[in-house]
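Inside the fold
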Amino acid sequence: MLKEIPKAYEPHKAEEVWYQRWVESGMFHGSVDSEKRPYTIVIPPPNVTDVLHLGHALNNTLQDILIRWRRSMNYEAEWMPGVDHAGIATQVVVEKNLIKEGKTRQQLGRDKFLKKVWAWKEDKFERIINQLRRMGCSCDWERTRFTMDDGLSKAVLEVFIHLYEKDLIYRGNRLVNWCPRCLTSLSDDELEREDIDSHLWYIKYKLKGSDEYLTVATTRPETMLGDTAIAVNPKDKRFKKLVGKSAILPILDRELPIIADDYVDMEFGTGAVKITPAHDVNDFEIGDRHGLEKLNILNNDGTLNDNAGKFAGMDRYDARRSLVEELKQRGCLDKVEDYKLSVSTCYRCNTVVEPYLSVQWFVRMEPLAEPAIEAIKSGELKFHPDHWSKTYLYWLENIRDWCISRQLWWGHRIPVYHCKDCAEIMVAREIPKSCSKCGSSKIEQDPDVLDTWFSSWLWPFSTFGWPEKTPELNKFFPTKSLFTASEIIYLWVARMVMASSEFTGKIPFSHVYIHGTVRDANGEKMSKSKGNGIDPIEIIDKYGADAMRISLVLATPEGQDPYISEKSFEQGRNFANKIWNASRLVISNFDGFEPKYELDPELSDLDLPDIWILSRLAKTIGQVNNYLSGFRFNTAAKVAYDFIWKDFCDWYLEMIKTRLGKDASEEVKNQARAVSGFVLIEIMRLLHPFMPFVTEEIYHLFPKVKESDFLNDLGWPEPKIKFINDKLEKDFELVQNIISAIRTIRSEMDVPPGKKADVLIKTSDKKAAEILKELEIQIVNLGRVKELTIGEDLKKPPLSASGVVAIGEIYIPLEGLIDLENERIRLEKELAKKKSFLKRVKKKLANKDFLERAPEDVIEAEKEKYDQAENSITKLNKNLEMLSGW
RNA sequence: GGGCAGUUGGCUCAGCUUGGUUAGAGCAUCUGCCUUACACGCAGAGGGUCGCUGGUUCGAAUCCAGCACUGCCCACCA
């Protein structure tokens, strides 16, 4: 019988077969007509920049666990999958690919380039979907979405118009973060920060009509070409007399007014600051306050423009070098100091960004932020772990306007139209036939696209058909939980809450679960460029999808970053194999018997181990429920893992082996079959969300289970309170301890594992003796006992090893086997342990304050500990004495 | 500069909310076993006094304060 089931679990076939059947059955599809309560998750759409990595594997495993759990609890589960066009990110990777072929996007032109990007998207899209399927993700593939789908694009358009009409979108000529490589603006949130070793250059500006100099310090000397003033602090006595006068900009010989502004820090540098309104955010504001000219010296690609005089055409850093050189030659460079500087870089290509003056579109964020703040304060929205709500709130409470226009090609075209005749700007759903101002028909659409987050912030509702009032929207929105990493709390999570409140009047999800970032064994973030990334498919091929899933969950502590190496997946593979083999044992013993999936027998008919495992099972199910409800995946998995491996396999299955043996009656066998079969099926139900494939495969090894039957249809197991039996669990602990003690003595005395030994248990505890007698057969089998004697007045046989346990003593006669020295060492070690323990308890009990102030029961407990320890010591001493008598 | 998180055996973590069992687990290590489900296994063992300092308390890994270190996030000081 056993031969029919392979000795080791073979994941690949099971994965292929079951995934296909699940999809065909339609169980992943959420029905809008269903009477069942909805439970919705929308996937954080992966970027089409690349295929998925282990971080995604973790993210999607967690979502799948939750959605499968809810589905089996008879919710109308909907997991909406999809991918994100990821504007700048995708454009950058495709461009980099082009460069390898020696081409630029400008050479190709917009249309041809976009075709390339679409082809890229199709390829990655397909591979991403395939990866999700291989992981076992139970997504509703019929509803797969892409951020540039027609429907979603329509939502983007409506949102732009809506905000524009509400005066929440405006156009402004401001300093934005400019990436000279990507040739686009970036929002504040799209920057990375990097600390670099740089210098502070002290430059001497000649005072007009004098031979004296005013020295200023700067980290970006080339920007002096755009200086339009020098500022000092109005309180600064050193410079008071200079305010209102002028200085001469070296090289370009431009006259700069010396102005006073509170912004200037008297302590820093020389106390005088060069002001470059077009290239520094602070200087921009000072420029506004003092009516200074904003002189732009840069082209959009980071080279200097004609305003830079002889430096025009040079790259910004080349210009810096030659400018500094010239300053030196002219004697205008006072000194150069080392200086640690923090620079902002483009989050997609790492180029240092420049503050750059340009006309862009912005969203006024403050009015949108309020409901998002309120959602947390009212408890309508919760973060797990909770402390992330602080991060979320901080950003919302200090929110700044959002620059949404991008000078890219890949993305949603901005619905802005220009009249070529009168330069009138129009915002419209489609291209206007004529200019609203001059009537001209020469109208063209603005070449800019929208920030990629301008479509993703609509994801939870645009994917269900908004702005149409669809049945999907009605049934599945708002969603229940969102799973993501902390990096995008600002970029995405907060903005989704804002958008949902504004456009649907609802908070898009009730729970946000923030999981850690997957790191390698050295704690390094996994990334392609570092070469430490692991491809989920590789892991699935090698260890199986279930192994990958459960390993990731077991390795991810709540709220912290998991450290993952390939070795981490062995734990999951081993576990899958353990379950497989436990099932092999149980199922192969059915031998024609058909276990029921609902067990509700008279508990008194059962054997004690049966009652015990049912109690442990009920408790475990209850715990898993609690932990999953609280988004504590790691603990939920651990509780199930321990129950299965330790309670079920190590203890229960070992205990029922005799009842399944050839000497047992059919009646006894059937009882063991019924309970082990029932517990096994409950375990499969419990584990199914975590490890869907192996559990489904095992379920189908059960008699009479049809191909079209699914574990999910059995539903989520109920924690049956009537099974819980705390007293029996306590009794079992006692028996387990006795068995362990016997095993320890045997092992330490080098009793060969195959050899059975007589065991005597001496105890004056009548209740304990009763329990031991009731479970005698288990002690005999698991302790490999030849003859077990339990009694009050037992004498220690000569030449026996002994052990002291809470309820008494254990003797194992070892005639001819006992090594006296070995036994002495063992006993003395034990004695030392007890003595040091006794000392501690004694000290406590000698403390008057303790006796006076500690609660009664604590004192009682200590006294009992004391008596027990003292008792043990007496016994150990006696045993040692006997030893020396030999 | 501000905020958040963390600091427990060789490694990764649990315990800390509600202070009181001889501080747990997995991996790794050591010993012995192919015991008729599983060597991707079984049994046993060794190993930590809980970052530091001080306080509260009869009693602190657990509460409070300060400090140190690590990581992350935010921030316009040239």
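See the structure shown above.
Residues numbered from 1 in each chain as written. Chains lettered and ligands numbered in written order. Predicted model: local features only at pLDDT ≥ 70, side-chain atom pairs only at ≥ 80, totals over all residues. Heavy atoms only, no water.

Moving on, we get to the protein's contact with RNA strand B. Neighbouring RNA strand B are 57 residues, the closest being Asp265, Asn282, Asn581, Trp645 and Arg853. In RNA strand B, atoms within 4 Å of the protein come 62% from sugar and phosphate. Serine 740 has a polar side-chain atom sitting 3.5 Å from a phosphate oxygen of RNA strand B. Looking at the surface near RNA strand B, the elements that each hand over two or more residues are β8 (213-218), α10 (388-397), α17 (568-588), α19 (633-660), α23 (726-748), α26 (820-846), α27 (848-853) and α28 (856-885). Counting residues per element, the surface near RNA strand B draws most heavily on α17, which supplies nine residues. Across the surface near RNA strand B, the residue classes tally to 20 nonpolar, 14 polar and 23 charged. (Near = heavy atom within 4 Å. Polar contact = N/O pair within 3.5 Å; in protein donor to acceptor, adjacent residues only side chain to side chain. Helix = DSSP H or I, 4+ residues; strand = E, 2+ residues; numbered from the N terminus. Nonpolar A, V, L, I, M, F, W, Y, C, P; charged D, E, K, R; others polar.)

The next subject is the packing of aromatic side chains. Following the criterion strictly, the structure yields 43 aromatic pairs and no others. Ring centres of tryptophan 402 and tryptophan 457 lie 5.0 Å apart, and the angle between their planes is 85°; on these two criteria the pair is classed as edge-to-face. Highlighted residues: tryptophan 402 in strand β16 (residues 402-403) and tryptophan 457 in the loop between α11 (453-456) and α12 (459-462), separated in sequence by 55 residues. Each member of the pair, tryptophan 402 as well as tryptophan 457, carries the same accessibility label: buried. Grouping aromatic residues by their ring pairs yields a cluster made of Phe160, Tyr164, Trp361, Trp402, Phe454, Trp457, Phe461, Trp466, Phe477 and Phe503. If you follow arginine 21 out to its NZ or CZ, it ends over the ring of tryptophan 18, 5.0 Å from the centre. Over the aromatic face of phenylalanine 125 sits the side chain of lysine 121, whose NZ or CZ is 4.6 Å from the ring centroid. (Phe/Tyr/Trp six-rings, centres within 6.5 Å; stacked < 30°, edge-to-face > 60°. Buried < 20%, exposed > 50% of the residue type's maximum accessible area, 1.4 Å probe, protein only. Lys NZ or Arg CZ within 6 Å of the ring centre and 35° of its normal.)

So, about the sheet that holds strand β22 (residues 481-485). Ordered in space as β15-β23-β22, the three strands form an open sheet in which the pairing is parallel. The two strands at the open ends of the sheet, each matched to only one other strand, are β15 (382-384) and β22. Averaged over all pairs of adjacent strands, the angle between strand axes in this sheet comes to 25°, irrespective of strand direction. Of the pairings in the sheet, the one linking β15 to strand β23 (residues 511-515) comprises three bridges and is parallel in character. Bridge pairing in β23 places lysine 382 opposite histidine 511. (Pairing = 2+ DSSP bridges. Axes fitted to C-alpha atoms, helices over the stretch in contact; angles between N-to-C directions.)

Note that every value here comes from positions in space, so none of it alone points to a role or purpose.
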